[in-house]
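Observations on the three-dimensional arrangement
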Amino acid sequence: MSKPIATPYISTEEIMLPGHLACQGCGHGIIARNVMKTFGKNTVYISIPGCIWITLSRNIPLYWTGTTFQGGAALLSGITNALEIKGNTDMNVVAFVGDGGTADIGMQGLSAAAERNENFFWLCADNHAYMNTGGQRSGATPKYAVTTTTPVGAKSRGKKTWGKNLSFIFAAHHVPYVGTASVGNVNDMVGKIEYAKDIKGFKLLHIQSPCPTGWGFDPSQTVKVAKLMTDSGIWPLYEIVDGVLHLSYKPKELKPVSEALKPQRRFRHLTDDELNEYEEMVAKNWEDLLKMDGKPLPV
Ligand SMILES: Cc1ncc(C[n+]2csc(CCOP(=O)(O)OP(=O)(O)O)c2C)c(N)n1
């Protein structure tokens, strides 16, 4: 299979209607607008509870339905199979959901659908917490991040553990396509969707979506914050196609993690020791990814 196109054509025809209800600077809005244009109008979307459903679904004049967290992947499986039985093979079937819906509350059904290699595209817009219900920690929240359930105080330093590595979890299901993406690199995100959307089987794109409200930064800085996360190696961009990992963005030198974390209020309390621990974790992860680049994962 060829690599994704470097600079994809991004249609100028808007699908999403203006005037959504998301917070100012919400990363989900940037993702939605570009994703809609990439999949085009011949697409059915589903969502499960979360910011996307509440703030964006009414701006999408296409087939859109939703269900419970636990039922999301089953609903999607049903739609995909019904379309196939009816002979409709060119409709995209896409889930557009959050990290809580992917890493935690919707995980069981999604894992089952991945194992069955159901033919749909799961987009996870990851803002690192259950933002729609007030910013509680999720399984994807990174270590030390302050959320409403992982505060900082005399006995707490924010979240105690690192977030789940969702793309590796799903790569271990032997699915044809898994990737990471960021609102800080729309070309990369669109290129990955463009490439993967016609692959038959289970596809998952894990897109980092900075949240000005939950992460604590000025709404005008969303794209800058996202870019710093990729430039520092905290959020590496890669895809795993048929089990083979390809880094899609390789900064010559990684920026210090402090440059990426400091602008975010949720990490403002970090001590030098904690920042060093973060730096070491990111450096080790990056080194591992460079070693894996171009090779099949041992899953
Ligand atoms: C089984 C179940 N548990 C909890 C909830 C309450 N709930 C609604 S939205 C939401 C948070 C969703 O978070 P996430 O998927 O990360 O998306 P975000 O809103 O952050 O984009 C929660 C916990 C629910 N609706 N159903």
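Look up a bit, the structure's there.
Cut-offs applied
Residues numbered from 1 in each chain as written. Predicted model: local features only at pLDDT ≥ 70, side-chain atom pairs only at ≥ 80, totals over all residues. Heavy atoms only, no water. Salt bridge = Lys/Arg side-chain N within 4 Å of Asp/Glu carboxyl O. Helix = DSSP H or I, 4+ residues; strand = E, 2+ residues; numbered from the N terminus. Buried < 20%, exposed > 50% of the residue type's maximum accessible area, 1.4 Å probe, protein only. Phe/Tyr/Trp six-rings, centres within 6.5 Å; stacked < 30°, edge-to-face > 60°. Lys NZ or Arg CZ within 6 Å of the ring centre and 35° of its normal. Near = heavy atom within 4 Å. Polar contact = N/O pair within 3.5 Å; in protein donor to acceptor, adjacent residues only side chain to side chain. Areas by Shrake-Rupley, 256 points an atom, 1.4 Å probe, with all protein chains shown as cover. Nonpolar A, V, L, I, M, F, W, Y, C, P; charged D, E, K, R; others polar.

**Points about the pattern of salt bridges**
Under the counting rule described, the total for this entry stands at 14 salt bridges. When the shortest N-O distance is used, the salt bridge between K41 and E13 registers 2.9 Å. Here K41 is found in the loop between α1 (27-39) and β1 (43-47), whereas its partner E13 is found in the segment before α1, with 28 residues between them in sequence. Judged by its relative accessible area of 47%, E13 falls in the partly exposed class.

**Some points on the packing of aromatic side chains**
Inspection of every chain in the model, using the stated rule, returns 10 aromatic pairs. Ring geometry for F168 against Y238: centres 5.9 Å apart, planes inclined by 80 degrees, an arrangement best described as edge-to-face. Here the residue F168 occupies a position in helix α6 (residues 166-171), and Y238 occupies one in strand β11 (residues 238-241), the gap between them amounting to 70 residues. Within the aromatic cluster, the residues linked to one another by ring pairs are F120, W122, F170 and F202. Across from the ring centre of W215, 3.8 Å away, lies the NZ or CZ of R266, which sits over that ring.

**Thoughts on the site of the ligand**
Taken together, 17 residues lie around the ligand, and C51, G100, G101, A129 and M131 are the ones closest in. Between the ligand and M131, the relevant distance is 2.9 Å, taken from an oxygen atom to a main-chain nitrogen or oxygen of the residue. Separating an oxygen atom of the ligand from a backbone N or O atom of N132 is a distance of 3.0 Å. About the coverage of the ligand: the protein hides 76% of its 590 Å² of free accessible area. Elements that contribute at least two residues to the shell around the ligand include exactly α4 (99-104) and β5 (129-130). It is α4 that provides the largest number of residues to the shell around the ligand, a total of three residues. The class makeup of the residues in the shell around the ligand is seven nonpolar, nine polar and one charged.

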